[in-house]
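A look at the structure
The lines below spell out each chain.
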Amino acid sequence: MSYQVLARKYRPKTFQELVGQEHVVRAISNALEQQRLHHAYLFTGTRGVGKTTLARILAKSLNCETGITANPCGVCSACGEIDKGRFVDLLEVDAASNTKVDQMRDLLENAQYAPTVGRFKVFIIDEVHMLSTSSFNAMLKTLEEPPAHVKFILATTDPQKMPVTVLSRCLQFNLRQMPAASITQHLHAVLGKENIRAENVALQLLARAASGSMRDALSLLDQAIAYGGGAVHEAEVRAMLGAIDQSYLFTLLDALARQDGPTLLAVSQSMEERSLSFDSALADLAQLLHQIALMQSIPEAIPEDLPERPQLAGLATQFSAEDVQLYYQIALLGRRDLGLAPDEYAGFTMCLLRMLAFAPGEASVKPTTSPAPKEALAPKRPAVAAPESTPSPAEDFSKKLQVIQQAVAEARATEPATPTFDGNWRGLVDSLKLGGMARMLAQNCELAEFDGHRMRLVVPQNQKHLLDNTTQEKLRATLKERFGKQLHIQIETAGSAANTPAQQMSREKAVRQAQAESSISNDQFVRDLIDGFGATIIPSSIKPIQ
Ligand SMILES: [Zn+2]
């Protein structure tokens, strides 16, 4: 039985199944019901939000044998063929690979002929902004005097790169990034249908890592199922995503509340040693601060069953509302500037130190009393003139900074040197600060060649969907950060790649599973149960001890 990736298996086939794009669906459905048809539609939005899925459903709406409809029947031959991707009057083009003007001209010449079987000849052009100027000009001619039987459905992540002349002839719809909560909900539904158990936090992590793309979320879920041997656990998902164990962040926030600088640095160091991604750490920190702020003002917004609720409640009483706002802001800015920092460790610790420097002194007001307005983004100072024995606020601040700078210098001095690469790609991938899709891509690459200047990576054919530009760029940038900007990286696909970390891990998992199953079936007690009581073993219920 061949395994179908979830993104394909659960690709929506009707407007109703499309998650998170209700505003677009409503507008299109109304137009279809009132038979107000346009020649050209343009769907914009970031990757994986459902642009081409929507385009195909619209193609069915236009060609369904029951008539032009917002609810294509899904069973007539037009609907069926479109679902299978072999409807003769639907031409799907990826502009990223068909930018040449003569190909575009061929395509548009084809538009002059009447449809073979359908009502309309539908052209879906994905990543349309990639077309060359001359291709756009060729297209414009057809758009200016479109034959009545032709419909264009264009999709792009970057409408700014399209000529205004083309834009103005399209009915434009902007698809939203999907909120993490909707993604989590959808993943739950999919797993329900697949009969796969999952921990809620694990799905929340996957949804967050997918940053608004349902396709990415489902690809990550595929991977998580493979790692988890049929179940989706939080610990495995964290390991897979290179995500931060939240206990680190709670320790950091505790230390911040206690004004404990050394602990802040010690925790950061230990995160650095474990090669955790500081970018994800700042994102997670901002997320936690947001939850703390909610806990302070609208506690009922935090679900009762959230595992970290008690910790959030504790922290909510330790910080004032203004502190939380300020820390949140610092975390966001720190994340934005992480690329400019000398390295991620420095960027991250500077962020924490900034929080520490702006943290309340003894004169601070706790949230239980009415919070007095504080000067945002300025070191806090006592409301009354300080007694002579205590340093002035300015002195106090510069002293604090000195201590901080010295501590950072000491921490840097004890850092291990940059590790040299011994050719162990899997080990390297584990140590790289990659998250989400980029990590998944790295785990699905085989190192074919490396000589210090040139690196050639091979991705198996069946994983080539991972090779989108954004993901590749992230991986390339991270590798260059490790080996230097001069590194030439070549990533290609080949059917023969069979030694990627992902494949290795799944082979190891299979071996452990087989061992577990054989030790269970050889167990005398189990044998007695089978022989004496006619018991049977359900193989999927056996899990190797981790
Ligand atoms: Zn139909």
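These figures come from a predicted structure and were not determined experimentally. (Residues numbered from 1 in each chain as written. Predicted model: local features only at pLDDT ≥ 70, side-chain atom pairs only at ≥ 80, totals over all residues. Heavy atoms only, no water.)

What follows is about the pairing of strand β8 (residues 488-494). With seven bridges joining them, strand β7 (residues 454-460) and β8 adopt parallel strand pairing. Bridge assignment links Arg454 to a residue of β8, and that residue is His488. For the segment spanning β7, helix α21 (residues 469-483) and β8, crossover handedness is right-handed. (Pairing = 2+ DSSP bridges. Helix = DSSP H or I, 4+ residues; strand = E, 2+ residues; numbered from the N terminus. Right-handed = clockwise from strand over helix to strand, strands pointing away.)

With that settled, the discussion passes to the nonpolar core. Nonpolar side chains tend toward joint burial in soluble globular proteins. By size, the foremost hydrophobic cluster in this structure holds 79 residues, and its most contacted members are Phe43, Leu206, Leu221, Val232 and Leu479. For this core, the element with the most residues is helix α10 (residues 214-227), which contributes eight residues. Grouped together as the second largest cluster of nonpolar side chains are 42 residues, Leu276, Leu289, Leu306 and Leu353 included. (Core = buried A, V, L, I, M, F, W, Y, C linked by side-chain atoms within 4.5 Å. Buried < 20%, exposed > 50% of the residue type's maximum accessible area, 1.4 Å probe, protein only.)

All right, on to the sheet that holds strand β1 (residues 40-44) then. Across the sheet, five strands lie side by side as β2-β3-β4-β1-β5; this open sheet has parallel pairing. Looking along the sheet, the strands with just one partner apiece sit at the ends: β2 (90-94) and β5 (171-174). Going from strand to strand, the sheet's axes swing by 15 degrees on average, the running direction of each strand aside. Pairing geometry for β1 and strand β4 (residues 150-156), over five bridges, is parallel. Paired with Ala40 across the strands is Phe152, a residue of β4. (Axes fitted to C-alpha atoms, helices over the stretch in contact; angles between N-to-C directions.)

Before going further, it helps to examine the coordination of the zinc ion. All of the protein donors around the zinc ion are Cys64 (SG), Cys73 (SG), Cys76 (SG) and Cys79 (SG); their distances to the metal are 2.3 Å. Relative to the metal, the four donor atoms surrounding the zinc ion lie at angles of 102 to 120 degrees, and the coordination shape comes out tetrahedral. On the primary sequence, the residues serving as donors to the zinc ion are separated as C-x8-C-x2-C-x2-C. A relative accessible area of 0% places Cys79 in the buried class. (Donors = N, O, S within 2.8 Å, 3.2 Å for Na, K, Ca; no water. Tetrahedral: all angles 85-135°; square planar, octahedral: opposite > 155°, others 65-115°.)

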